Amino acid sequence: MSDRLSMRSILQPKQVAQALYHPAWIPPSVDPSVDRLKKARIIAGAVAAFGVYTFVQRKFAFEEVLENMLTASVVVLFITPLTVGVMLFVWRRTGTVRQMRGPLFNSLKLLLFFIGSVVGLVFLWKKTMTLGGFWLVPLGFAALWLTGMVIYGAVQVSGNFFGTAAVHRSLPPLLATVTTWLMAVPDLVTGDLHGLSLTMGIVFILGAPVTVTGIALLEMRRLKRRYGIRLAAHPVTLPPTHAAPPPPIPPQGAPYGNPYGAPPQHPYGGGPYQPYNGRNPYGG
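Residues numbered from 1 in each chain as written. Predicted model: local features only at pLDDT ≥ 70, side-chain atom pairs only at ≥ 80, totals over all residues. Heavy atoms only, no water.

### Some remarks on the confidence of the model for the chain
Scored by pLDDT, the chain comes out at a mean of 76, with 71% of its residues at no less than 70. The element-level mean pLDDT for the chain is lowest in helix H4 (residues 52–56), coming to 54, with helix H6 (residues 101–131) highest at 89. Predicted confidence for residues 253–257 stays below pLDDT 50, and this span has zero contacts to residues more than four positions away or in other chains. A low-confidence stretch, residues 266–277 stays under pLDDT 50, and its non-local contacts, those more than four residues away or across chains, total two contacts. (pLDDT = per-residue confidence, 0-100. Helix = DSSP H or I, 4+ residues; strand = E, 2+ residues; numbered from the N terminus. Contact = heavy atoms within 4.5 Å.)

Now the structure itself:
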């Protein structure tokens, strides 16, 4: 995990999600601009996950949201290992899989743990709505806590995509692109516009995949041009990368230093107010 959890922090879903879904073995970002691109990619992915039609038609079906979460989890569960497997086949020309066995296994564990959390959340909400009565309070509280943890966890894994940056730094944008397009394929094939007009339906179906693809391509381009990280290259052959250094800490004292510089010295030595020693300063 990224840090240790205390009894007090366990009650806070955000801290638990930060510790569980962004563990210490995930490398930090090499460029703050890449982090900004990741945030934009997360926002676009969130639009794809919740659906534009929910806000356009002002409809919110909680059971449909739960079903969409399960569908997205199944897609991610299958497409992530499949995409990584294709890239392993590409990389085998210049390296071996054994060299990446540790990061691959850690990413798979993080993927399975997140999918298990989503499935558990959906099951808990359905049980809460089915049982009701006495169980409404304890199950509802647990469901709310788990909902917060899954939401914060989804933000974490959307940025690092289950720690696949530890395998190859270009894998997260690639996986984000493939996942959003596969989520849009069923609607493209069936022509399901979710009750929207033709224009809004096209925006809903193609808007998020196109946006995520553009941001991901820009992210991979920056990694290639600035750091020599190419998607087709085996991770072992890539140049070493280091995270951007933190901003310098200002010196203690006045935060901006003395704006007037050091105090002026007296032209004849000493300060302007010297103690009287009984002598005439002008002679005599």
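Picking up where we left off.
### Details of unusual backbone geometry
One non-glycine residue, Phe161, lies in positive phi territory at about 45 degrees. Looking at the element boundaries, Phe161 is found in the loop between helix H7 (136–160) and helix H8 (171–190). Judged by its relative accessible area of 9%, Phe161 is buried. A positive phi is found at Phe162, a non-glycine position, where the angle reads about 60 degrees. (Buried < 20%, exposed > 50% of the residue type's maximum accessible area, 1.4 Å probe, protein only.)

### Points about helix H5 (residues 62–91)
With 30 residues, H5 should cover 44 Å at 1.5 Å per step; its first-to-last C-alpha distance of 43 Å lies within 8% of that length. Looking at H5, one finds that the buried residues are Leu66, Ser73, Val75, Val76, Ile79, Thr80, Thr83, Val84, Met87, Leu88 and Trp91. (Expected span 1.5 Å × (residues − 1).)

### As for the layout of surface pockets
Empty space among the atoms can be located by rolling a probe the size of a water molecule over them. Here the second largest pocket defines a volume of roughly 450 Å³. His22, Asp35, Lys38, Gly159 and Asn160 are the residues nearest the centre of the second largest pocket, which is lined by 21 residues in total. Mapped by element, the contributors of at least two residues to the lining of the second largest pocket are helix H3 (32–50), H7 and helix H9 (198–227). At six residues, H3 tops the list of elements feeding residues into the lining of the second largest pocket. (1 Å grid on protein atoms, 1.4 Å probe; cavity = no way out; pocket = protein on both sides within 12 Å on 5 of 7 lines; lining within 4 Å. Points joined across faces, edges and corners; volume = space filled by probe spheres on them.)

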